[in-house]
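As a plain string of letters, each chain reads:
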Amino acid sequence: MDKMKRVLAVFLLAAMLTVSGTNNIQAKKAELVIVLDAGHGGYDSGAAANGLYEKMLTLKIAQYCKAELEKYQGVKVYMTRTNDTYVGLDQRVSIAAGVKADLFVSLHINSAGNSSASGAEVFYPNSNYRPSVGAKGRKAASAIQKNLTALGLRNRGLKTLNSMIGSSYPDGSAADYYAVIRGAKKAGFPGIIVEHAFISNFTDAKMFLSTSAMLKKLGVADAKGIASCYGLKRAEETKETLSKTSINRLVGKSSEQVLLGWNKVKGAEGYEIYRSTSKNGVYTRTASVKKSGTVTWRDKNVVSGKTYYYKVRPYKMSGAKKITAPFCAAQKVKLLKKPAVSIKKQSQARAKVSWKEVKGAVKYEVYRSTSKKGKYQKIATVQKESFFKDTNRRVNKNYYYKVRAVGNGIKGSTYSSYSEIK
């Protein structure tokens, strides 16, 4: 009886989608969240054949897919890994749950002992436990498979696979076999596995996996499938468009503060600022500027000595829907550590101010005062040395010194914090 109820639920959901007159799954939130999972990584290389390794191929496909998806309005894309590192299966699902994913897409390359096996196939959740999750997963799987086979890959179809050891869902129904599909369903969102081609098949490997151009086509096909499934539109496909901005200033104001500036965009109601510690890493939103005329922001949640990458996108609201422009090109800034300074008195009239070299600095500024808490004046700018000899001193006077490192920024210099006063 329970099984019949579940089958009926799936049927009713399909009927509702048909009556609505659309094949698209509409996102309820202002911004759709897609998590791309590049299979394997680190010590887990995945399948290997024909001089290729699955873990490297899936990462490139995921990067191309992300880049393509971000050309669409109203979508935020995350990746479970951005480099050759190992991520556990449960952790991959936890990452998706943590960002409130609408869809989890695990990207893989197939392999078989029979070298004649070829083509693309997509696994989606079964109809047990949460049938609506399975139905949404099948929609996404179907849209992606359609685009992959359009590239010339053999169509191996859409598939589900139940647990082979009798695992069940909380309602007692048979659980999905694959851990990421099973975990995603338990977390409340669909997870699918895309097997793009067979690494063990010489023709598949040569035609679809051996060049960056072909891997890009696979990633773009995945992205277009997701976009069509959710009815996403590119900026040029809607009248409610916004132009991209560009970063026009990015400097360190101190060792613990970044100043970011960007160009104002006509029609924007605000700007979203995203940050990462690597250029191609995961960018997280660190701020949302909600005034159209504000085009600068200070990031005070940073660490001395680290390099940060920033990108900005304008947005405006159309009712409850958020319209966003594509991200601008990412730009970086390196925060300079404050110099460690020492003073060696050579005579009443001479003193040597020395400091340890700061990574990323191109010059140093030396400041002096006759009282510790008094007004400091810059007495020297040193470019090639890590010391300065102060010969302009008066006998029987106390002098206090501090130094700061200076580096290159965008439309301005990056400064460290001042050293301790010596």
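What you see is a predicted model; the values in this text were computed from it and never measured. Throughout, a residue's number is its position along its own chain's written sequence, starting from 1. At least 70 in pLDDT is required for a residue's local features to be given in this predicted model, at least 80 for side-chain atom pairs to be given and counted, and no such filter applies to totals for whole chains, interfaces and linings, which use all residues. Where side-chain values are given, they derive from all heavy atoms of the structure, hydrogens and water being excluded.

Some points on the confidence of the model for the protein
No. 1: By definition, pLDDT measures how confident the predictor is in each residue, and it falls between 0 and 100. When pLDDT is averaged along the protein, the result is 91; 91% of the residues meet or exceed 70.
No. 2: Scored below 50 in pLDDT, residues 1–28 shows 25 contacts in the model against residues more than four places distant or in partner chains. Contact between two residues is taken to exist if any of their heavy atoms lie within 4.5 Å; hydrogens are not considered.

Side note on the side chain of Ser200
No. 1: The helix count covers DSSP runs of H or I at least four residues long, the strand count covers runs of E at least two residues long, and both are numbered beginning at the N terminus. Counting through the fold element by element, Ser200 comes out in the loop between strand E8 (191–198) and helix H6 (202–209).
No. 2: Here a polar contact is taken to be a pair of N or O atoms separated by no more than 3.5 Å, where protein atoms must pair a possible hydrogen donor with a possible acceptor and residues adjacent in sequence count only if both atoms sit in side chains. Within the local environment of Ser200, its side chain forms a polar contact with the backbone nitrogen of Ala112, the two atoms lying 3.0 Å apart.
No. 3: Each residue touching Ser200, except ones within four places of it in the same chain, is listed here: Ala49, Asn50, Asn110, Ser111, Ala112 and Ser115.

Topic: the pattern of salt bridges
No. 1: The term salt bridge refers to a side-chain nitrogen of Lys or Arg lying within 4 Å of a carboxyl oxygen of Asp or Glu. Taken as a whole and judged by the stated rule, the model has 17 salt bridges.
No. 2: One salt bridge in this structure joins Glu121 and Arg156, with 2.8 Å as the shortest N-O distance. Note that Glu121 is positioned in strand E6 (residues 120–123) and Arg156 in strand E7 (residues 155–159), a separation of 35 residues in sequence.
No. 3: Close ionic contact of Asp390 with Arg368 constitutes a salt bridge, the shortest N to O distance being 2.8 Å. Here Asp390, found in strand E21 (residues 387–390), pairs with Arg368, found in strand E19 (residues 363–369); they are 22 residues apart in sequence, far enough to count as distant.
No. 4: Each residue is placed in one exposure class: buried if its accessible area under a 1.4 Å probe, protein chains only, is under 20% of its type's maximum, exposed if it is over 50%, and partly exposed if it falls in between. Judged by its relative accessible area of 16%, Arg368 falls in the buried class.
No. 5: Here the salt bridges do not stand alone but share partners, grouping Glu31, Glu272, Arg285, Arg313 and Lys322 into one network.

Some points on the sheet that holds E19
Neighbouring strands of a sheet are bound in pairs by backbone hydrogen bonds; such pairs are parallel or else antiparallel.
No. 1: If you trace the four strands from one edge of the open sheet to the other, you get E20-E19-E22-E23, paired in antiparallel fashion. Strands at the two margins of the open sheet, each flanked by one partner only, are strand E20 (377–382) and strand E23 (413–415). Each adjacent strand pair in this sheet contributes to an overall mean axis angle of 30°, direction not counted. At least two bridges found by DSSP between two strands is the condition for calling them paired. To get an axis, fit a line to the C-alpha atoms, keeping to the stretch in contact for a helix; angles then go from 0 to 180 degrees between the N-to-C directions.

Topic: the environment of Ile192
No. 1: Looking at where Ile192 falls in the secondary structure, it is placed in strand E8.
No. 2: Taking the relative accessible area as the measure of exposure, Ile192 reaches 0% and is therefore buried.
No. 3: Considered as a pair, Ile192 and Gly137 are 55 residues apart in the sequence and their alpha carbons are 6.3 Å apart.
No. 4: Excluding residues within four positions of it along the chain, Ile192 makes contact with Phe104, Val105, Ser106, Val122, Phe123, Tyr124, Pro125, Gly137, Ala140, Ala141, Ile144 and Ile181.

A short note on the nonpolar core
Buried together is how nonpolar side chains tend to be arranged in soluble globular proteins.
No. 1: In plain words, nonpolar cores are sets of buried Ala, Val, Leu, Ile, Met, Phe, Trp, Tyr and Cys residues tied together by side-chain atoms within 4.5 Å. Ile34, Val105, Ile192, Leu209 and Ile226 are the most contacted members of the largest nonpolar core, which totals 46 residues.
No. 2: Core analysis: the second largest hydrophobic core is formed by 19 residues, Leu260, Ala268, Tyr271 and Ala287 among them.

Here we look at the pairing of E8
In the case of a regular strand, side chains alternate between the two sheet surfaces.
No. 1: For E8, a buried count of eight out of eight residues is recorded, marking the element as mostly surrounded by other parts of the structure.
No. 2: Here strand E5 (residues 103–110) pairs with E8 via six bridges, running parallel. What sits directly across from His108, in E8, is Glu195.
No. 3: When E6 meets E8, the two strands line up antiparallel, connected through three bridges. Bridge pairing links Val122 to Val194 in E8.

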